[in-house]
Structures are given as C-alpha cells and as structure tokens.
Amino acid sequence: MVQAEIANATPEEVAEFALGSILNGGGSFPGGDKHASVDDWRALADAYHDAVRRSTQSDRAVPILWGTDAVHGHSNVYGATVFPHNIGLGAARDGDLMEAIAVATAQEVAATGIDWTFAPTLAVARDDRWGRTYESYAEHPDVAVDYASRVVTGLQGVPGEAGFLGPGRILATGKHFLGEGHTTDGRDQGDVACTEETLRDLHARGHQAAIAAGVQTVMAAFNSWHGTKVHGHRYLLSDVLKGALGFDGFVVSDWDGFLQVAEDRAEATGRSVNAGVDMLMVGVEWRAAYHDLLQQVSTGAVSMARIDDAVRRILRVKARAGLFSRPRPSRRGAVEGPGVGDPVHRKLARRAVRRSLVLLKNDGVLPLRRDIRVLVAGDGADNIGKQCGGWTLTWQGTGNDNTDFPNGTSLFDGFVQATANHGGAATLSPDGEFAQDPPDVAIVVFGEDPYAEGDGDRDHLSYSALDSEPLAILRRLQERRIPTVSVFLTGRPMWVNPELNASNAFVVAWLPGTEGGGVADVLFRGPNGKLDHDFHGRLSFSWPRHAMHTPLNVGDTDYGPLFPYGFGLRYGDAAADRPGRFDESDSARGLPASDRPRTVGSAYPR
C-alpha cells in the first residue's frame, strides 16, 4: 500500500519493506541523470524486479509496480517523443488521433520497463488562471468524455479482448478525482464550492467514461470540496467512485496528498485510507508512512477489513496487468514494439501539432510561399523546452535546452525545412532586428515559459503584463510595414489584444511538444505551391476580452468572449471573416499597478 520515489528507495529497501510500488516523480531519473539512456531505465527496473524476487526466493513473489507521469508522451525520458499537451489535443477534436497517441505512449513507456502512467488527466478547467489548465482538454466535459475512453483503450487495450494489458500496453490512471478544475479563483489544490450536481455533470463525466473503458487506477485530487480534502472524503472516494460508479481497481493518492487531511501525519494517513485511498504515494518519508499505517491498524483506527480491501484491489490490478508472469523488464521491452523516440511516433506527433493549431486572425498573409525570405523572431522560435512546457524532463519543464531533445525539432527548424531548396530562406533573429533588405514576412514566436501545477497559477490573463518584449518586436515590424505572423505558445487562453492588433495573422500553437516542425506544415504551402494542410483546430477554451475575464465558459448566462468556444478560422474563410481592430481599452482593468503593461493604448494602424 506504499509507493516510494526511486530517488529515496533503493531496490534493496523496496524488497526489505515489501513496498508495493515505486514511481519516478518529475525530474527524477536513474542515477539522477537527466540524460539516462533507455538501457539505464531498464536496468533500474530490472534491479527492483530482481530484488523483490530474491527477497522471497519464489516465483510467486508479489511484483513491484512502477508508475510515471507520461502525460504527453514518455516525457520524463531523454529522447522520447513528446506530444502536444492536452489543451492542444482538445483543440484537435480527434478521437482517433488521441487513441493513436496513447498507443505510442504505451509502447515508449513499456520499452523502458515501466508498467503504469498517471494519465489521462480528465480535469475540466473552469478558470484559466489555474496553473494546470493546459492539462485539461476543454472547459466543457464533452471533450473529456470523448477522449477518456480512447486514451484508456490506447494505453491498456480493451478489457475482455486479446492483448488487454499485454505486450506494449500499460496501466492507465483517471486523474484527478474530483473537481480540481473548479477551485475558487483557479487556485491549485484549493477549495471547490460547487454543488454536487455540478460536480457530477461537469467533472465526473470523463471519469465515468474512463471507468466504462476499464481504467484500472484512479488518482485522488489535491483539492477540497466544501472544505473537506478529497483525499479524506469517504463519500466521494468510497460511496461514489467505488460504490455508485462501480470502480473495482485501486485509488492512489497524489504526491503526499494524504498528508493534507490532518495535521498529525499518522491521523492523516489513517483517515485517507479509511476514506478510500488504497495506495499512498509518498514523496520522501515513505518509512514514516509505512509505520504510521501500521500504528493506525494496531490502534484499531484502520480496520484489517479496510487493509484487506485495499490490498485485494492492488493485487487484482497487478494480476490483470500480468505482472506475476512477466519476465524481467529488460526482456519485455525488446518484444513490445516501437521504442523511445521511434520515427513512427515522431511522425504521429507532428500530425498532432498540425491538427491542434488554431487560427484566430488572418488578413491574407497566410499561407506562405516557400520561395520567400522569412525573418523568424521571438524567444520561442528556436526553443524546444519552451514549446514543450511543463512536465517535460523536469517537473516544471525548466532548465532544458535544445540539446536535451536529440530527436526534436524547434519551430525554427521547421521554417528552415519549409524554405530550403525552394528559393527561400529563414533567418533567426530573436529580437526581430535585421541589417540587410527587409524580409518578405516575419514570424514572431512567443508565449508562456514552462511551468507546472501551482507555479503556473496566475492572478490575471494579460500576456503583455508578464512580458512586453514580444509586443515591442511586433510593433517595430509593423512600423516598418513588414507583414507579421504571430505564433503563440501557451498553456491557456490569454488576453493578447495588443499582440493581435500588431499582427497580420495570429496562430495559437499551444504547447506543441518536440515536433515543432509541424507548425510550418500548416503555415506554408506545399512544395508544389498548393495547400497541403489547412488549419483544423478549434478553441476548446473560450478566449477572454480583457485581462480579468475569467471564469469564462460556454453556457454562462453572460457569455461574451472575444473568440467563442469552437472558434477557429480556415484558409477558405479567413479573408471573409477577418476581424477588425481588437479593443485594448481594458488592458489594465483589475490589474495591480505592478502588473500593468508599460505600453497601453491604441495599436499602430493596420
């Protein structure tokens, strides 16, 4: 019932204490090496497997279960294929694509000897200030419902059919149960004050679909519901999830989430287990959790019946996954299909990028010819770490550069590929300056720096209040009468009216992952001059009119977004539907003085 982090529990310790599971948290690798090879991952998996077997001197030893946050591909592993984050995939509205991505992710995870991913995230984000908005597919539950079964099936297979949890498949996790996307003011791990009907109709529907598809594990949410932490909420975890919804797998806590239930850690442990948590994910002090649970049982605070139920659920899942009969992890990977960074997976990821792009504005500058001179500006243009976002190699996704992604392509790489050998050229100039003749067009790539969880929480949605440099670049180019295309890298809708006004075209690329070259596939015409790829994505989150325009969700009685849920231009209709100037008068509404943009007022004339 205890899951320990690999940096804090050796194989020998896992065997000695008969721990049920291990995980590699964000930024944890074999030997602490971010560039650990696939062989290194397999070797460590073998070490845990072998230590458990030796400790019992029996082939019937209860196998260890290894979990990982493979939330947009096997994104903790050097060289892996990193797919777009969920917010971009939600814009794609493509269930077949989602299932294919899940299959590819399962194959890459299995190739490293790992059995389990903490995905899919089924949160329905209702306030875009929340730092986990990009982990949500949409503000409306229908997308999560459509995707839940496809992702779970892609990862695990279909229950009752050949291949279910067989070679190349891994365990899925429905997370986080329940209501995390509805916290007050979008505060991560905060309180949810909605009605039970809202909790059921908005936030539980994706989980219901995942359970119907056979998801084997569910992760409890950090948030509270009306002041009671979900980790200690017996009604939600036992009566609803395991009772009314019929979930027969096991519930795992989030990282030390059980410790938030009470001030005394032993009491918190016991109350969480009694509420329905079956496995305790422990960040560091796993020995304390082990002894706390023993103490709670010895005093009668936790019954043996509850322990038996939790253990039965964990063993049931391990049996369904075939872990009792599987060979050493290193012997599995060689026979379970395509591996880490496989070219087929990279091709799929590039397709996902194309499908996820949303065109908000185009005055006719797009699509681009391949025989033109392109100036590529902005700090996101040649920055694979930035385009991948959080939960990529490190927890926050920070501290990464292009050398950390040996199989990846930046957006700039794609622009170079598009113009090379076609009479054109793409030149990188992060500040947008040029010394020679002016370019035919400029592409400015900018957006949010990587973040994860609470570190990404915001008080407002103004982009220029956070970073005014991209707007300055756009306005300099606009002054020089250079047609300009903005490509926005973001984990949420943001107030970007000044940037929209300073751009001839505006594309939302979300957080596209390692295959940034897919952006060029859509921005440029094909090699023969024809249109190979049109825009496909449609907003799965409503776009704000001003910096404090949140919560903003389709179906609100006062619904009035800048761009509505489902909006997305195509090349065929962009010219007819192009908008005029966007209102900048609300640029500082509600913002503290320290966050107000340095430049406020009218944009340069179009």
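The rules behind each value
Residues numbered from 1 in each chain as written. Predicted model: local features only at pLDDT ≥ 70, side-chain atom pairs only at ≥ 80, totals over all residues. Heavy atoms only, no water. Pairing = 2+ DSSP bridges. Helix = DSSP H or I, 4+ residues; strand = E, 2+ residues; numbered from the N terminus. Axes fitted to C-alpha atoms, helices over the stretch in contact; angles between N-to-C directions. Phe/Tyr/Trp six-rings, centres within 6.5 Å; stacked < 30°, edge-to-face > 60°. Buried < 20%, exposed > 50% of the residue type's maximum accessible area, 1.4 Å probe, protein only. Lys NZ or Arg CZ within 6 Å of the ring centre and 35° of its normal.

Asks: Talk me through the sheet that holds strand β5 (residues 173-177); I want residue IDs and the actual numbers.
Replies: Spatially, the three strands line up as an open sheet ordered β5-β7-β10, and their pairing is parallel. Single-partner strands in this sheet number two, and they are β5 and β10 (250-252). Direction aside, neighbouring strands of the sheet carry axes that sit 30° apart on average. Pairing between β5 and strand β7 (residues 217-220): four bridges, direction parallel. From the neighbouring strand, Thr173 faces β7, where its bridge partner is Thr217.

Asks: Any chance you could break down the packing of aromatic side chains for me, citing the residues and the numbers?
Replies: How two aromatic rings sit relative to each other is set out by the distance from centre to centre and by the angle between their planes. As enumerated under the stated definition, the model contains 18 aromatic pairs in all. Here the aromatic rings of Phe535 and Tyr571 are separated by 5.3 Å at their centres, their planes lie at 70°, and the arrangement is edge-to-face. With Phe535 in the loop between α18 (517-523) and α19 (571-577) and Tyr571 in helix α19, the pair connects residues that are 36 residues apart, well separated along the chain. In this pair, the class of Phe535 matches that of Tyr571, namely buried. Grouping aromatic residues by their ring pairs yields a cluster made of Phe446, Tyr463, Phe488 and Phe506. Above the ring of Tyr565, the side-chain terminus of Arg93 is found at 5.1 Å from the ring centroid. Of note, Arg458 hangs over the ring of Tyr451, and the distance from its end group to the ring centre comes to 5.2 Å.

Asks: Any details on the pairing of β7? Residues and values, ideally.
Replies: Burial of β7 is two-sided: the residues Thr217 and Met219 facing one way and the residues Val218 and Ala220 facing the other way are all buried. Sheet topology places β7 next to β10; three bridges connect them, and they run parallel. Each bridged residue has a counterpart across the sheet, and for Thr217 the counterpart in β10 is Phe250.

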